[in-house]
Amino acid sequence: MGILSKGWRGARAAFRILRSEGWLALGISILQYLQYLRGSRQGSLTLGKRHFTPPVELRDIIAADFVAHPYDRTQMNPRHTKTASWVMSPPGNGGGHQNIFRFIDFLIDDGWTIHVYMYSVHHMLTVERAKANVASYSRPERINFHQWNGTVVDSDVVFATGWETAYPVFNVKTDGAKFYFVQDFEPKFYPTGSTSLLAENTYRFGFHGITAGGWLKHKLEAEYGMECDAFEFGVDSALYRFGNPRPRKEVFFYARPVTERRAFEVGVLALKLFHEARPDYVINLAGWDVAPWEVPFPYVNHKSLKIEQLPALYDKCAVALVLSLTNMSLLPMDLLSAGVIPVVNDGPNNRMVSDNPYIHYVVPTVQALADEMVRLVDRKDLPEYAAEASRSVETQTWAESGEKFVSVIDRVTAPDA
């Protein structure tokens, strides 16, 4: 059956195609399935040929011959004009783009001129729409936005962001240093195959990596020989504070059913057990509209919230379930600042990012996750424990990470680097 098959399976298949391949691929799949139905009624199959549609131009993949023509960082020309170019997918409201622009802002505050180039195969966005999206978390009037055309202005540094942008950055002609801003291990976003291999190859391009946390730095250096620096996760303490010292009777789950690495189904099963044990607790789901999914307990569907809406929700919650099977989410640090105790799946991908003792790392079975949530909400001293958790991240500011980020660029691009 195709993506229009009935119920759960069809919706999940459509979301998987949309997430991994984009709107164009989803539209092609729908058209192919309609052709299948038409052919079945006519007693013949009239499906068209399938096309490989990764989120990278095929010509960029072919041109990026990093084996025969490797990138040589020693040939860069450190001019110190303080101009940086960033190549990225069209910016939306997701956490990945918000974090990229957080570090762009650090460069601007340090006197850099920034050019953003939007690269996309499947999802085009106008410059005006991009600026409107960015305005909710940065100041787009300080940034020069462009559609990608294969070139960049004269730059000291050129940044790749998501793996699909590493190909055009590898191919672009520039005297500046090429960096790779890595926020997750993106080959894991796909089933093992051609697309995951293409994503993995970008770590062999020879760019200098700046990674979100220590796990990615360790992995990329150990497995791919990629030279990296890591920044620590910070907290926006002006936004997330411990404002409710009273006992809290709600819990939170970061629910992203369309993002496999967030282990939505495991979380739902754990929360089912939690609800059976503590039915008086309100369960809040946020991150995606989960209405099309069967959820076997009462819950509040917050769908996708804006950043400014999160503090009020966190303020009501005692415990949060945050699952990530690749790099650690940014949420646990913000939750701690708000006095919410995160329950997180145990593993080096999370522990190597933060060893904060108030993050409760748990073997990721549904029973163990539920048991830990029950144990936490039953603590008689939970309000005091929450206040301690909030104080534990008071000094972990993004400003410190920004200073390190700028210093890494200065060091790598120095004349004697």
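Heads up: the structure comes first, above all this text.
Computed from a prediction, not measured in an experiment: that's the story for all the values here.

1. With respect to the packing of helix 9 (residues 264–277) against helix 13 (residues 366–377)
At a minimum axis separation of 8 Å, helix 9 and helix 13 run at an interaxial angle of 45°. As summarised for this structure, helix 9 and helix 13 are arranged oblique, according to the angle between their axes. For helix 9 against helix 13, the interelement crossing comes out right-handed. Only Val366, Gln367, Leu369, Ala370, Met373, Val374 and Val377 of helix 13 make contact with helix 9, whose side of the interface consists of Val266, Leu269, Ala270, Leu271, Leu273, Phe274 and Ala277. For the contact of helix 9 with helix 13, a count of residues per class yields 13 nonpolar, one polar and no charged.

2. Here we look at the side chain of serine 155
Inspection of the secondary structure assignment puts serine 155 in the loop between strand 3 (144–147) and strand 4 (157–160). A distance of 2.7 Å separates a polar side-chain atom of serine 155 from the backbone oxygen of valine 153. Dropping the residues within four chain positions of it, serine 155 is found in contact with Arg79, Thr83, Ala84, Ser85, Thr174 and Gly176.

3. What to know about the pattern of salt bridges
Counted by the stated rule, this structure contains 17 salt bridges. Residue arginine 351 pairs with aspartate 346 through a salt bridge whose shortest N-O separation is 2.6 Å. On the accessibility criterion, arginine 351 (44% relative accessible area) is partly exposed. Within the structure, one salt-bridge network assembled from shared partners comprises Asp105, Asp109 and Arg142.

4. Some words on the sheet that holds strand 1 (residues 83–88)
Spatially, the seven strands line up as an open sheet ordered 3-2-1-4-5-6-7, and their pairing is parallel. The outermost strands of the open sheet, each flanked by one partner alone, are strand 3 and strand 7 (228–231). Averaged over all pairs of adjacent strands, the angle between strand axes in this sheet comes to 25°, irrespective of strand direction. Bridge count for strand 2 (residues 113–118) against strand 3 is four bridges, and the pairing is parallel. Within the sheet, the bridge partner assigned to histidine 115 lies in strand 3 and is asparagine 144.

5. Side note on the pairing of strand 5 (residues 177–182)
For strand 5, a buried count of six out of six residues is recorded, marking the element as mostly surrounded by other parts of the structure. Pairing of strand 4 with strand 5, which is carried by four bridges, proceeds in the parallel orientation. Note that in strand 5 the partner of valine 157 across the bridge is alanine 177. For the crossover from strand 4 across helix 6 (residues 163–171) to strand 5, the handedness is right-handed. Two strands pair when backbone bridges link them, and strand 5 and strand 6 (residues 208–212) are joined in this way by four bridges, in the parallel orientation. Each residue of the ladder has a partner; that of phenylalanine 179, found in strand 6, is histidine 208. The parallel pair strand 5 and strand 6, bridged by helix 7 (residues 194–201), forms a crossover whose chirality is right-handed.

Thresholds applied
- Residues numbered from 1 in each chain as written.
- Predicted model: local features only at pLDDT ≥ 70, side-chain atom pairs only at ≥ 80, totals over all residues.
- Heavy atoms only, no water.
- Axes fitted to C-alpha atoms, helices over the stretch in contact; angles between N-to-C directions.
- Helix = DSSP H or I, 4+ residues; strand = E, 2+ residues; numbered from the N terminus.
- Parallel < 35°, antiparallel > 145°, perpendicular 65-115°, else oblique.
- Left-handed = near helix turned anticlockwise from the far one by under 90°.
- Contact = heavy atoms within 4.5 Å.
- Nonpolar A, V, L, I, M, F, W, Y, C, P; charged D, E, K, R; others polar.
- Polar contact = N/O pair within 3.5 Å; in protein donor to acceptor, adjacent residues only side chain to side chain.
- Salt bridge = Lys/Arg side-chain N within 4 Å of Asp/Glu carboxyl O.
- Buried < 20%, exposed > 50% of the residue type's maximum accessible area, 1.4 Å probe, protein only.
- Pairing = 2+ DSSP bridges.
- Right-handed = clockwise from strand over helix to strand, strands pointing away.

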